[in-house]
Number of protein chains: 6
Amino acid sequence: MSKSKVEEFKKTRDKQNEILAKYANRNQKKFYGLDASTYQSGALDKKTKELLGFTASLVLRCDDCILYHLIECKEAGVTTEELSEATSIGMLVGGSITIPHIRRAMTVWDEDLQD
Amino acid sequence: MSKSKVEEFKKTRDKQNEILAKYANRNQKKFYGLDASTYQSGALDKKTKELLGFTASLVLRCDDCILYHLIECKEAGVTTEELSEATSIGMLVGGSITIPHIRRAMTVWDEDLQD
Amino acid sequence: MSKSKVEEFKKTRDKQNEILAKYANRNQKKFYGLDASTYQSGALDKKTKELLGFTASLVLRCDDCILYHLIECKEAGVTTEELSEATSIGMLVGGSITIPHIRRAMTVWDEDLQD
Amino acid sequence: MSKSKVEEFKKTRDKQNEILAKYANRNQKKFYGLDASTYQSGALDKKTKELLGFTASLVLRCDDCILYHLIECKEAGVTTEELSEATSIGMLVGGSITIPHIRRAMTVWDEDLQD
Amino acid sequence: MSKSKVEEFKKTRDKQNEILAKYANRNQKKFYGLDASTYQSGALDKKTKELLGFTASLVLRCDDCILYHLIECKEAGVTTEELSEATSIGMLVGGSITIPHIRRAMTVWDEDLQD
Amino acid sequence: MSKSKVEEFKKTRDKQNEILAKYANRNQKKFYGLDASTYQSGALDKKTKELLGFTASLVLRCDDCILYHLIECKEAGVTTEELSEATSIGMLVGGSITIPHIRRAMTVWDEDLQD
């Protein structure tokens, strides 16, 4: 995945978010607002929250969610070693069924996001 | 996704169903028959049943199943507002992990299936 | 499960909800508010929405959620035949792994909630 | 769990199955029939099929399903070593989240079902 | 749940772990060793790792795993506010289906583990 | 999927495994080692173990894992009839939500792996 792939992910996501917004009813809009506010820095800092989002996405095995939080982790200053330890927990808790997702995530990390 | 994408989905599905039929044992054939009969109109009408199939597929996060029931919903006369409310329930029950699937579903609805 | 078991469920739930309220931060309170508003009658009527909540809970296999929506279904006027058809869809989509949950749900329906 | 606990499980299950039968519509009855026929000896023997049912139930984390197939495994002649290896695969694939279920399963195996 | 309930959980767990150890093959023993080493302090501190374990357990909806990590969180010095924010992320990502588990977790936190 | 598609899967997997190895910490390396040793022939033969891996992957609905074990099943001598019966169990336990994965698996089996 070239750097443009992360860009491509963001671009597709932005485009689809416009469609979501077009059809979103009142309850969905509230949900999207909650989605944004839940990850804001508070008693836990942004970095910890993004690691939580990343690990939750990993054990639930959603590639798009994993990639989203991977990018957010990078922006929040998560290091390769920290990401690796969060990944270990996800792999242990969620089992080998998570490995294909880890393969794809680390490929993006390796090509676009690492230190 | 152009109108030909829904067609493409149906075409691929039909082709793969032929392969399934080729290898299906007696129990699998019964399962496929049951799959068809379960969604037939009864005490609940077709529309309600397809909304149930759509929402179950959404919380279990299977794109192909979501798309299949989305098309069936359209054919059963589900409106954009009704679909949106079923989607809200799926999003609430299943959480933000369902959002990428909703993005893809609403993109197809927007481009091919809406009123 | 005697009629007092449904009452017991509601009582425990109310008591635990008080504890939830005590610790709920701003985002959690919004989530609980959203949980309530999502099932309100709109383009889809209350009955259909509760059947959606029941079926989503069934395929995700959460006994408490199933029981909650079972009670709500009853109050919304869902008949045994309608419940049975929604259950069929959940069983088909979610597989035999849902059957123990259906056993427990139908036992409550039989003893406390049926027509 | 005393030997009477396995008996208690069977008894509760039989009683609840009577309730299921009372409310089962035509599609549900077909599903229950399919549930029975799928595990019958064929190209794969009964023992292998019950190990498949056990492992599938383990990774999907349903205690009742695990216990049911554990009993069936015993009756089909599965040894402790064979069960242990199937459990290893379930634990590896499904992750540490399966361990509480394995604890409960092996407690029953130890007290009621082992060689 | 009285303080003795946490003790009861630990006691049952210890007893069942003895049974696990009795039947564990070589691969299972390695898995249990890995389970222990993965949560040790490293690039991420113990507190963050336990919050990751708690949140992963929450979205996968395993009461025993949630309770285990809740106790570990407390011992690692997680505050009520921090726990509450991790819970928010789990609730958002995993959806309302996680709420019954949060009810039970916060009841234990309230009665036995809070500051 | 042409024969080169299985090759393509293996090639991509090998390439991504190199990236995994590059970032794997000590715990992850142990997990990968465990992943390999768990499927080795023991009290259960290789064929049975691969059928267990296939069925577990099917009910957890991971295409890459399904394809991996499908290839391993073939190499271990699993026949079309045996695969079909394992598939029936996965379909029954996991429900119709597994069918799209079965469609994709049987397409590869039909084109590249069958007898």
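Reading the values: the criteria
- Residues numbered from 1 in each chain as written.
- Chains lettered and ligands numbered in written order.
- Predicted model: local features only at pLDDT ≥ 70, side-chain atom pairs only at ≥ 80, totals over all residues.
- Helix = DSSP H or I, 4+ residues; strand = E, 2+ residues; numbered from the N terminus.
- Rg over C-alpha atoms; globule rule 2.2 N^0.38 Å.
- Buried ≥ 20, exposed ≤ 12 C-beta atoms within 10 Å, placed from the backbone.
- Contact = placed C-beta atoms within 7 Å.
- Axes fitted to C-alpha atoms, helices over the stretch in contact; angles between N-to-C directions.
- Parallel < 35°, antiparallel > 145°, perpendicular 65-115°, else oblique.
- Left-handed = near helix turned anticlockwise from the far one by under 90°.
- Nonpolar A, V, L, I, M, F, W, Y, C, P; charged D, E, K, R; others polar.
- Expected span 1.5 Å × (residues − 1).
- Least-squares fit on C-alpha atoms with pLDDT ≥ 70 in both.
- Core = buried A, V, L, I, M, F, W, Y, C linked by C-beta atoms within 7 Å.
- pLDDT = per-residue confidence, 0-100.

Some words on the overall build of chain A
Scanning chain A from N- to C-terminus turns up six helices and zero strands. When its helices and strands are written in sequence order, chain A yields α-α-α-α-α-α. Relative to the 2.2 N^0.38 estimate, which gives 13 Å for 115 residues, the radius of gyration of chain A is 15 Å and therefore close to what a compact globule would have. Residue burial in chain A is summarised as follows: out of 115 residues, 50% are buried. Restricting to contacts in chain A with at least 6 residues of sequence separation, those with at least 24 account for 69%.

Concerning the packing of helix α5 (residues 80-94) of chain D against helix α2 (residues 26-38) of chain E
Where α5(D) contacts α2(E), the two axes come as close as 9 Å, and the packing angle between them is 30 degrees. In this view, α5(D) runs roughly parallel relative to α2(E), as classed from their interaxial angle. The handedness of the crossing between α5(D) and α2(E) comes out as left-handed. Residue-level inspection shows Ser88(D), Met91(D) and Leu92(D) of α5(D) in contact with α2(E), the latter providing Asn27(E), Gln28(E) and Phe31(E).

Section: the interface of chain B and chain F
Taken together, the 15 residues of chain B in the interface contact 14 residues of chain F. Of all the elements in the fold, those that place two or more residues in the side of chain B that touches chain F are α1 (3-23), α2 (26-38), α3 (46-60) and α4 (63-75) of chain B. Element by element, the count of residues in the side of chain B that touches chain F is highest for α1(B), at five residues. Grouping the amino acids of the side of chain B that touches chain F by side-chain chemistry returns seven nonpolar, five polar and three charged.

A word on helix α3 (residues 46-60) of chain C
Residues that lie three or four places apart on an α-helix share one face, since the helix turns once every 3.6 residues. All names here are of chain C. With 15 residues, α3 ought to run about 21 Å at 1.5 Å a step, and its terminal C-alpha atoms sit 21 Å apart, in line with that. Here α3 lies mainly inside the structure; 13 of its 15 residues are buried. The positive-phi residue at the C-terminal boundary of α3 is arginine 61, with phi of around 60 degrees.

What about the relation of the copies chain B and chain F?
Each copy superposes on the other: chain B lies on chain F with an RMSD of 0.0 Å after a rotation of 120 degrees and an axial shift of 0.0 Å. Expressed as an axis order, the relation between the two copies is that of a three-fold axis.

A short note on unusual backbone geometry
Peptide bonds are, in most cases, trans, and in most cases residues other than glycine have a negative phi. At Arg61(B), a position not held by glycine, the phi torsion is positive, near 60 degrees. By the secondary structure assignment, Arg61(B) is in the loop between α3 and α4.

Description of the relation of the copies chain A and chain E
Overlay of chain A on chain E (RMSD 0.0 Å): rotation 180 degrees, translation along the axis 0.0 Å. Taken together, the rotation angle and the small translation identify this as a two-fold axis. In this assembly, 100% of the residues forming the interface of chain A have copies in chain E that are likewise at the interface, indicating an isologous arrangement.

Some remarks on the interface of chain A and chain E
Each partner contributes to the interface: chain A provides 26 residues, whereas chain E provides 26 residues. Counting residues per element, the ones that place at least two in the side of chain A that touches chain E are α2 (26-38), α3 (46-60) and α5 (80-94) of chain A. Examining the composition of the side of chain A that touches chain E, we find that 10 residues originate from one element, α3(A), more than from any other. Partitioning the side of chain A that touches chain E into residue classes produces 12 nonpolar, nine polar and five charged.

Some thoughts on the nonpolar core
In terms of nonpolar packing, the biggest core is built from 204 residues, with Leu70(A), Leu70(B), Leu70(C), Leu70(D), Leu70(E) and Leu70(F) touching the most fellow members. Once residues within four sequence positions are removed from consideration, Leu70(E) is found in contact with Phe54(E), Ala105(E), Val108(E), Trp109(E) and Leu113(E).

Observations concerning the packing of α3(A) against α5(A)
Residues and elements named next belong to chain A. Put simply, α3 and α5 touch, their axes get as near as 9 Å, and they point 30 degrees apart. With respect to each other, α3 and α5 are oriented roughly parallel. When the axes of α3 and α5 are compared, the crossing they make is right-handed. Packed against α3, whose contacting residues are Leu51, Phe54, Thr55, Leu58 and Val59, the element α5 presents Ala86, Thr87, Ile89, Gly90, Val93 and Gly94 at the interface. Within the contact of α3 with α5, the residues separate by chemical class into seven nonpolar, four polar and no charged.

Re the confidence of the model for chain A
Here chain A shows a mean pLDDT of 95. Residues at 70 or above account for 97%. In the predicted complex, the global pTM is 0.97; the interface-specific ipTM is 0.95.

Description of the environment of Leu67(D)
All names here are of chain D. Counting through the fold element by element, leucine 67 comes out in helix α4 (residues 63-75). A C-alpha to C-alpha distance of 20 Å links leucine 67 and leucine 34, two positions 33 residues apart in sequence. Here leucine 67 is in contact with Phe9, Ala105 and Val108, once residues within four sequence places are set aside.

A short note on the environment of Asp64(D)
Assignment of secondary structure puts Asp64(D) in helix α4. For the pair Asp64(D) and Arg13(D), spaced 51 residues apart in sequence, the C-alpha to C-alpha distance is 9.3 Å.

Let's talk about the environment of Ile99(C)
All names here are of chain C. Residue placement: isoleucine 99 occurs in helix α6 (residues 99-113). Using a count of 24 C-beta atoms within 10 Å as the deciding quantity, one classes isoleucine 99 as buried. Through-space distance from the C-alpha of isoleucine 99 to that of lysine 29 is 33 Å; in sequence the pair is 70 residues apart.

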